[in-house]
Amino acid sequence: MKTTSADLDIATLDGLTTLTLNRPDRRNALSESLLEELGDALDQIAADLSVRVVVIAAEGNVFSSGHDLSEMIGRSPEEYARIFSRCSAVMQKLRAMPQPVIARVQGHALAAGCQLVAACDLAVSVPEATFSTPGVKIGLFCTTPMVPLVRAIPPKAAMEMLLTGKPISAQRALELGLINRVVDRDTLDGAIKEFTDAIIASSPAVIRIGKAAFYEGLALDEPSAYECATQTMIENAQIADAQEGISAFLEKRRPEWTGR
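Structural notes, computed from the coordinates.

1. Considerations on unusual backbone geometry
Of note in the backbone geometry, N28 takes a positive phi value of approximately 50° without being a glycine. Position of N28 among the secondary structure elements: in the loop between β3 (16–21) and α1 (32–46). Using a relative accessible area of 0% as the deciding quantity, one classes N28 as buried. Phi is positive for K252, close to 55°, though the residue is something other than glycine. K252 gets classed as exposed once you look at its relative accessible area, which sits at 76%.

Quick look at the structure:
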């Protein structure tokens, strides 16, 4: 299945949905309309358990330049609130949805574009891509991009990006943990496929449980995280797919997942 709008392409095949930012002439800036489309698409995907994994990609040479600055001049407080709240809601949907989300970074990721990469569960980048939070250079500190950034990389490295606005290379982003892999452009889709195949091969129910527990635990102190993780393990162990997986391992056969 494939649908195309002015700003966003949506394609689904064999449990994989790819959302492609389609504003290359505007460096895939996250306009209000694009953010609205992204939010609606993520809501629909989250409710569709036949979708097992999501890839966010982009057309052109830039992954995303962040907010559309042409929409940022002379707005009322209510209008600014709508723009930034809509963007924050999209980023939170990425974390809250049951399916893992992978960023396919084929070009530079700036400001809210860097935020988009940081908010995804996994990210694969080409070597030429750079990552930056340059808002400080135009008088608008990247405080909302800061939220997932500081949860993805060490605080001092995040502060350096935020205070200087200078881009970091894909290799540096890999070292810091902002992205998972750096691969040549001609092997980018193959690297993404390694992740999607591995995810789709596992129980969808277990993936849903694990992703939710991962982000819940990040927000807790260590004792509370252990308490939460222990309860999750108890619940996980009782589901049909866990019993099937353990039995299949002991019987030396492939598991047959039911998603329950």
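2. What to know about a nonpolar patch on the surface
There is a patch of nonpolar side chains on the surface, built from V136, F141, M159 and L163 and spanning about 340 Å² of accessible area. Its location among the elements puts M159 in helix α5 (residues 155–164). Judged by relative accessible area, which is 42%, M159 ranks as partly exposed.

3. Re the sheet that holds strand β5 (residues 62–64)
With mixed pairing, the four strands of this open sheet are ordered in space as β5-β7-β9-β10. Looking at which strands have only one partner, the edges of the open sheet turn out to be β5 and β10 (168–169). Looking at chain direction, β5 and strand β7 (residues 108–110) are connected through two bridges and run parallel. In the strand pairing of β7, V62 is matched with H108. Its contacts with the sheet place helix α3 (residues 112–119) against β5, β7 and β9 (130–132), and it is angled at close to 105° to β7.

4. Let's talk about the packing of α1 against helix α2 (residues 77–96)
To characterise two packed helices, one gives the angle between the axes of the helices and the distance between these axes. Contact geometry of α1 with α2 gives a least axis separation of 9 Å together with a crossing angle of 30°. By the angle between their axes, α1 is roughly parallel relative to α2. Pair α1 / α2 crosses with left-handed handedness. Contacts from E32, L35, E36, L38, G39, L42 and D43 of α1 reach α2 at R82, I83, R86, C87, V90, K93 and L94. Residues that form the contact of α1 with α2 fall into these classes: seven nonpolar, one polar and six charged.

5. Re the layout of surface pockets
Here the largest pocket defines a volume of roughly 410 Å³. Every residue lining the largest pocket is counted, 21 residues in all, and those nearest its centre are S65, H67, L69, A111 and I138. Considering each element in turn, the lining of the largest pocket owes the most residues, three residues, to helix α4 (residues 143–152). For the lining of the largest pocket, a count of residues per class yields 12 nonpolar, six polar and three charged. Lining the second largest pocket are 13 residues; nearest its centre among them are Q92, R95, V147, P148 and R151. Residue assignment for the lining of the second largest pocket shows that the elements contributing at least two residues are α2, α3, α4 and α8 (204–218).

6. Things to note about the packing of α2 against α3
Put simply, α2 and α3 touch, their axes get as near as 9 Å, and they point 20° apart. Regarding the angle of α2 to α3, the classification is roughly parallel. Crossing of α2 against α3: the hand is right-handed. Here α2 contributes C87, M91, L94 and R95 to the contact with α3, which in turn contributes A112, Q115, L116, A118 and A119. Class assignment for the residues of the contact of α2 with α3 results in seven nonpolar, one polar and one charged.

7. Observations concerning the packing of aromatic side chains
Inspection of every chain in the model, using the stated rule, returns two aromatic pairs. Considering the side-chain rings of Y80 and F84, the 6.4 Å spacing of their centres and the 15° angle between planes classify their relative orientation as stacked. With Y80 and F84 both in helix α2 and four residues apart, this pair spans about one turn of that helix. Its relative accessible area of 24% is what places Y80 among the partly exposed residues. A relative accessible area of 24% places F84 in the partly exposed class.

Quick notes on the rules
- Residues numbered from 1 in each chain as written.
- Predicted model: local features only at pLDDT ≥ 70, side-chain atom pairs only at ≥ 80, totals over all residues.
- Heavy atoms only, no water.
- Helix = DSSP H or I, 4+ residues; strand = E, 2+ residues; numbered from the N terminus.
- Buried < 20%, exposed > 50% of the residue type's maximum accessible area, 1.4 Å probe, protein only.
- Patch = residues over 30% accessible without salt bridge, like charges linked within 9 Å, V, L, I, M, F, W, Y side chains within 5 Å.
- Areas by Shrake-Rupley, 256 points an atom, 1.4 Å probe, with all protein chains shown as cover.
- Salt bridge = Lys/Arg side-chain N within 4 Å of Asp/Glu carboxyl O.
- Pairing = 2+ DSSP bridges.
- Contact = heavy atoms within 4.5 Å.
- Axes fitted to C-alpha atoms, helices over the stretch in contact; angles between N-to-C directions.
- Parallel < 35°, antiparallel > 145°, perpendicular 65-115°, else oblique.
- Left-handed = near helix turned anticlockwise from the far one by under 90°.
- Nonpolar A, V, L, I, M, F, W, Y, C, P; charged D, E, K, R; others polar.
- 1 Å grid on protein atoms, 1.4 Å probe; cavity = no way out; pocket = protein on both sides within 12 Å on 5 of 7 lines; lining within 4 Å.
- Points joined across faces, edges and corners; volume = space filled by probe spheres on them.
- Phe/Tyr/Trp six-rings, centres within 6.5 Å; stacked < 30°, edge-to-face > 60°.

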